[in-house]
Amino acid sequence: MGAQHPPASQPIALYVHVPFCETKCNYCDFNTYAHLESLIPDYVAAVAAELGAWGRALGGPPATTVFLGGGTPSWTPVAALERMLNEARRAFPFAPDCEVTAEANPGDVTGERLDGWRKAGINRISIGIQSFDDGLLRLLTRRHTAAEAEQAYRTARAGGFDNVNLDLMYGLPGQSLATWRSTLEHAIGLDPPHLSLYALTVEEATPLWRDIEAGRVPRPDPDLAADMYILAEESLAAAGYRHYEISNWAKEGRECRHNLVYWRNEPFLGIGPGAHSYLDGRRFWNIRSPGEYVRRLLEGTPAVAASPPTTPVVEEARNLTERERFAESIILKLRLDEGVELASLTAGPSGLRGDLHLSALRECVGLGLVSLSEGRFRLNQRGRLLSNEVFVRLLPE
Ligand code: SF4
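Residues numbered from 1 in each chain as written. Predicted model: local features only at pLDDT ≥ 70, side-chain atom pairs only at ≥ 80, totals over all residues. Heavy atoms only, no water.

## Things to note about the sheet that holds strand E16 (residues 370–373)
Now for step 1: An order of E15-E17-E16 is seen for the 3 strands of this open sheet, with the pairing classed as antiparallel. Lying at the two open borders of the sheet, with one neighbouring strand each, are strand E15 (340–341) and E16.
Now for step 2: Note that E15 and strand E17 (residues 376–379) share 2 bridges and pair antiparallel. Counted as the bridge partner of Val-340 is Phe-377 from E17. (Pairing = 2+ DSSP bridges. Helix = DSSP H or I, 4+ residues; strand = E, 2+ residues; numbered from the N terminus.)

Rendered as structure tokens:
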């Protein structure tokens, strides 16, 4: 497969990684760091260099969505975020209705910062609430209380941000169904336009994993986590939310447009250490070390090598075969409530390719994981709980 740049007119979604955190939470294995603030000025310059190089190489297509993720963008100085967004805008002119999201920790959501974020162009905030239970917040070594979490949401809304997501976690050590119900009710009572709910994954070698292994913290119960998911589905449906993706719920028209790009297998460019990209059937990702990222980008003027497209910070790249692209696209679309059109599997240039997936999906229907109605395959509740059972059957051998 030829690795050519998309035409300049093809819009793009941008992810910009902001790897700074005030402290490191005990369950987190993201590529984020505490006590790295001294790197921020050089980091911003490196992000500007990477953005500029890609902007020139791709011919400056418009950005339809931008996501500042981390890390804790909200804790990073507003001026640094503003400069990164200005550089992004210079390299990829923002579409008039561009969705610009920043992740925020409750303690950082102040009136002053909100003003700065708005002026910088941010129009959507995703707040890491995680729980409205103070005991669980302490267990997760979060830096906020339930009262501060609620205050953050109210401050954001009062500050003019009407597009706000709340992140919540379930399946936590020692969390009961009653505690989870109360967190859900608390969240629903605030009426946020969007909710993302994630089951805790205990990542190896994190402090929480060590505490669980040593018996100091109870091991989460996966069956209870499944009950919590079902409770969330029922409660949020009753409150008028559309369950549009396995872990995401939104009020009408408030789906996260940036994440929809991932699930629809559309092109996106990731900027920053460890960031992943998908352009023209090619997946590639950057080196993880922020220090090395800065060093390589500030050494000279980075250029994007023409073919295949790459920069000095790309660690690895993979050209997907047509079969892999097709399989990935089916798996990603199945995460969405719109599912996969039956016709898309029977039509197309390679009947055999679609037939293989068709028989895998029919097998999943037989296993009670997928439903077929109105000409579409969709995960049912059991399928959403056991989605890997479905996805593994769709992967190319
Ligand atoms: S604030 Fe978020 S990114 Fe930072 S350490 Fe905690 S969970 Fe990880």
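## Remarks on the nonpolar core
Now for step 1: Judged by nonpolar contacts, the single largest core of 93 residues is most densely connected at Phe-92, Leu-197 and Tyr-293.
Now for step 2: With 9 residues, helix H1 (residues 40–58) is the largest single contributor of residues to this core.
Now for step 3: Summarising the domain contributions, this core has at least three residues from each of domain 1 (12–263) and domain 2 (322–394).
Now for step 4: Contact partners of Tyr-293, with chain neighbours within four places excluded, come to Tyr-43, Ala-46, Val-47, Glu-50, Ile-271, Gly-272, Pro-273, Asn-286, Ile-287 and Val-313. (Core = buried A, V, L, I, M, F, W, Y, C linked by side-chain atoms within 4.5 Å. Buried < 20%, exposed > 50% of the residue type's maximum accessible area, 1.4 Å probe, protein only. Domains from an automatic or database assignment. Contact = heavy atoms within 4.5 Å.)

## Focus: the packing of helix H11 (residues 322–334) against helix H15 (residues 387–394)
Now for step 1: Packing of H11 against H15 brings their axes to within 9 Å, and their N-to-C directions diverge by 160 degrees. One element, H11, and the other, H15, form an angle in the roughly antiparallel class. As for the relative orientation of H11 and H15, their crossing is right-handed in sense. Only Val-390, Phe-391 and Leu-394 of H15 make contact with H11, whose side of the interface consists of Ala-327, Ile-330, Ile-331 and Leu-334.
Now for step 2: Here the residues of the contact of H11 with H15 sort into 7 nonpolar, no polar and no charged. (Axes fitted to C-alpha atoms, helices over the stretch in contact; angles between N-to-C directions. Parallel < 35°, antiparallel > 145°, perpendicular 65-115°, else oblique. Left-handed = near helix turned anticlockwise from the far one by under 90°. Nonpolar A, V, L, I, M, F, W, Y, C, P; charged D, E, K, R; others polar.)

## Digging into the site of the ligand
Now for step 1: Taken together, 13 residues surround the ligand, and among them Cys-21, Cys-25, Tyr-27, Cys-28 and Gly-71 come closest.
Now for step 2: A class-by-class count of the residues in the shell around the ligand yields 5 nonpolar, 5 polar and 3 charged. (Near = heavy atom within 4 Å.)

## Considerations on the packing of aromatic side chains
Now for step 1: Summed over all chains, the structure comprises 10 aromatic pairs.
Now for step 2: For the ring pair Tyr-15 and Phe-67, a centre distance of 6.2 Å and an interplane angle of 20 degrees mean the geometry is stacked. On the criterion of sequence distance, the pair formed by Tyr-15 in strand E1 (residues 12–18) and Phe-67 in strand E4 (residues 63–70) is long-range, its members being 52 residues apart. Take Tyr-15 and Phe-67: they sit in the same class, and that class is buried.
Now for step 3: With centroids separated by 5.7 Å and ring planes inclined at 40 degrees, the aromatic side chains of Tyr-43 and Tyr-293 adopt a geometry described as tilted. Here Tyr-293 lies in helix H10 (residues 290–298) and Tyr-43 lies in helix H1, a separation of 250 residues in the sequence.
Now for step 4: Exposure remark for Tyr-43: the relative accessible area of 0% places this residue in the buried category. (Phe/Tyr/Trp six-rings, centres within 6.5 Å; stacked < 30°, edge-to-face > 60°.)

## Remarks on the domain arrangement of the protein
Now for step 1: When cut into domains, the protein gives domain 1 (12–263) and domain 2 (322–394).
Now for step 2: Computed from C-alpha atoms alone, the centre-to-centre distance between domain 1 and domain 2 is 29 Å.
Now for step 3: Taken together, the 13 residues of domain 1 in the interface contact 11 residues of domain 2.
Now for step 4: Taken together, both faces of the contact between domain 1 and domain 2 bury some 1,100 Å²; the carbon and sulfur share is 55%.
Now for step 5: On the domain 1 side of the contact with domain 2, Glu-233, Ile-246 and Trp-263 bury the most area, a combined 46% of that side's loss.
Now for step 6: On inspection of domain 1 and its partner domain 2, the count reaches 3 salt bridges.
Now for step 7: The salt bridge partner of Arg-335 is Glu-245, with a shortest N-O separation of 2.6 Å.
Now for step 8: Of all the secondary structure elements, the ones that give two or more residues to the side of domain 1 that touches domain 2 are helix H8 (222–238), strand E9 (242–245) and helix H9 (257–263).
Now for step 9: Residue classes in the side of domain 1 that touches domain 2 are distributed as 8 nonpolar, 2 polar and 3 charged. (Buried area = accessible area lost by both parts, 1.4 Å probe. Salt bridge = Lys/Arg side-chain N within 4 Å of Asp/Glu carboxyl O.)

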